[in-house]
Amino acid sequence: MVLRHHNMFMNYDGYYYPSLALRTAAVFLGVPPDQIKIIEGKEISLGGKRSIPVNEKGQYFVSLPKRQTIQTYSAADILSKGFDLARLKGKAVIISVDDPATNEIFATNVGSKLSTSMIDAAILDNIINQHMIKATSATSGVLLLFMFAIGAGAALVLPRLAPLHRFLLIAGCLIVLLNVNYVLLSQFSTLPNTVYVGFELLLLMIIAPFLDSPMLTGVATSAHKA
């Protein structure tokens, strides 16, 4: 399973306990604990300085950068005489033991082996530098209705078109879908849930050339000699 979400807090006995990444981000931004406001299923406000989108489970969609964008130093590097401590000035620093034998390792979309400390560092980078992505999730009823509308429209329109035009129409719809996703992600930091819509369009593209076949239409043709 690929890690995409991270729990930002825990609710126990009526109290909220922030995760390491959330508490560290609050300290870095100078936000006291009593200014961390949690709106379940919507967002976490850090004293009005940052608004962190979360889903209905209180999970944050992690935008994982490439590993080389997060600087790491060993204890030997920092304790060496030639190390410039100014590199750490004004930075949020996570101290951890990077040992695969003891650390929990996760598979992510940027690597197959990422430790919890690297994930926390990625979340800190997201919050501090405001690189947060809001992953939208349409309700199952709305999504099913939208997909049914696409299927009904395809059933009415595609049989009237030539096979090549069917392919071009569906390909155009896929291109529009990809561009909408790109604009929402790049301009509004929003990731819409359109995976199933894309799958439906791909299936229609595969089926479209065979809409005129006797197997689908139930009409058999035969040639007769006079």
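One can find the structure itself at the top, above this paragraph.
Thresholds applied
- Residues numbered from 1 in each chain as written.
- Predicted model: local features only at pLDDT ≥ 70, side-chain atom pairs only at ≥ 80, totals over all residues.
- Heavy atoms only, no water.
- Helix = DSSP H or I, 4+ residues; strand = E, 2+ residues; numbered from the N terminus.
- Buried < 20%, exposed > 50% of the residue type's maximum accessible area, 1.4 Å probe, protein only.
- Contact = heavy atoms within 4.5 Å.
- Areas by Shrake-Rupley, 256 points an atom, 1.4 Å probe, with all protein chains shown as cover.
- Pairing = 2+ DSSP bridges.
- Axes fitted to C-alpha atoms, helices over the stretch in contact; angles between N-to-C directions.
- Parallel < 35°, antiparallel > 145°, perpendicular 65-115°, else oblique.
- Left-handed = near helix turned anticlockwise from the far one by under 90°.
- Nonpolar A, V, L, I, M, F, W, Y, C, P; charged D, E, K, R; others polar.
- Phe/Tyr/Trp six-rings, centres within 6.5 Å; stacked < 30°, edge-to-face > 60°.
- Expected span 1.5 Å × (residues − 1).
- Arc of directions from axis to C-beta.

Trainee: Any chance you could explain the overall build of the protein here in plain terms?
Mentor: Scanning the protein from terminus to terminus reveals seven helices and eleven strands. Within the protein, the proportion of its 226 residues that are buried is 29%. The long-range share in the protein, meaning contacts at least 24 apart out of those at least 6 apart in sequence, stands at 60%. Accessible surface computed for the protein: about 15,500 Å², of which carbon and sulfur atoms make up 62%.

Trainee: What exactly am I supposed to notice about unusual backbone geometry here?
Mentor: Working note: non-glycine residues mostly have negative phi, and peptide bonds are mostly trans. The phi dihedral of D13 falls on the positive side, at around 55°, and the residue is not glycine. For D13, the position within the fold is in the loop between β2 (9–12) and β3 (15–18). Phi angles above zero are rare outside glycine, and Q130 is one such case at about 55°. Checked against the element boundaries, Q130 lands in the loop between α3 (116–128) and β10 (134–135).

Trainee: I'm lost on the pairing of strand β5 (residues 43–46) in this one. Help?
Mentor: Consecutive side chains along a regular strand alternate between the two faces of the sheet. In the sheet, strand β4 (residues 36–39) pairs with β5 via four bridges, with the strands oriented antiparallel. Across the sheet, I38 pairs through a bridge with I44, a residue of β5. Sheet topology note: the β5/strand β6 (residues 50–53) ladder contains four bridges and is antiparallel. Counterpart to I44 in the pairing with β6 is I52.

Trainee: Where do I start with the packing of helix α1 (residues 20–28) against α3 in this structure?
Mentor: The axes of two packed helices give the description: the angle between them and the distance between them. Two elements in contact, α1 and α3, have axes separated by 9 Å at closest approach and are oriented at 40°. What the angle tells us is that α1 and α3 run oblique. Of the two possible hands of crossing, α1 and α3 adopt the one that is right-handed. Together, L20, A21, T24, A25 and F28 of α1 and D120, I123, L124, I127 and I128 of α3 make up the contact between the two elements. Residues of the contact of α1 with α3, tallied by class, amount to eight nonpolar, one polar and one charged.

Trainee: Is there a simple way to think about the side chain of S19 in this case?
Mentor: Positionally, S19 belongs in the loop between β3 and α1. S19 has contacts with H6, N7, M8 and F9, leaving out every residue within four places of it along the chain.

Trainee: Looking at this structure, I do not really get the packing of aromatic side chains. What am I missing?
Mentor: When we look at a pair of aromatic rings, we describe it by the centre distance and by the angle of the planes. Overall, the coordinates contain two aromatic pairs when judged by the stated rule. Centroid distance F9 to Y16: 5.3 Å. Interplanar angle 85°. Geometry classified as edge-to-face. Taken together, a centroid distance of 5.2 Å and an interplanar angle of 80° make the contact between Y73 and F83 edge-to-face. Of this pair, Y73 sits in the loop between β7 (59–61) and α2 (75–79) while F83 sits in the loop between α2 and β8 (105–108), and the two are ten residues apart along the sequence.

Trainee: I would appreciate a short explanation of helix α6 (residues 195–207) in the present structure.
Mentor: Because an α-helix packs 3.6 residues into every turn, residues spaced three or four apart end up facing the same way. The end-to-end C-alpha distance of α6 is 19 Å, a good match for the 18 Å that 13 residues give at a rise of 1.5 Å each. Those residues of α6 not exposed but buried are V197, G198, E200, L201, L204 and M205. Along α6, the residues classed as buried sweep out an arc of 160° about the axis, all on the same side. Exposed side of α6, more than 90 degrees from the buried face: L203 and I206 are the residues found there.

Trainee: Just to check I follow, could you spell out the environment of I44 for this structure?
Mentor: Positionally, I44 belongs in strand β5. For the pair I44 and F9, spaced 35 residues apart in sequence, the C-alpha to C-alpha distance is 9.7 Å.

Trainee: What am I meant to see in the sheet that holds β4 here?
Mentor: Sheets are built from strands paired through backbone hydrogen bonds, the pairs being either parallel or antiparallel. Read from one edge to the other, the open sheet built from three strands follows the order β4-β5-β6, with strand pairing classed as antiparallel. At either margin of the open sheet sits one strand with a lone partner, and together these are β4 and β6. Geometrically, the sheet is characterised by an average inter-axis angle of 15° between neighbouring strands, direction not taken into account. In the packing of α1 onto the sheet, the strands contacted are β4, β5 and β6, and the crossing angle to β5 comes to about 30°.

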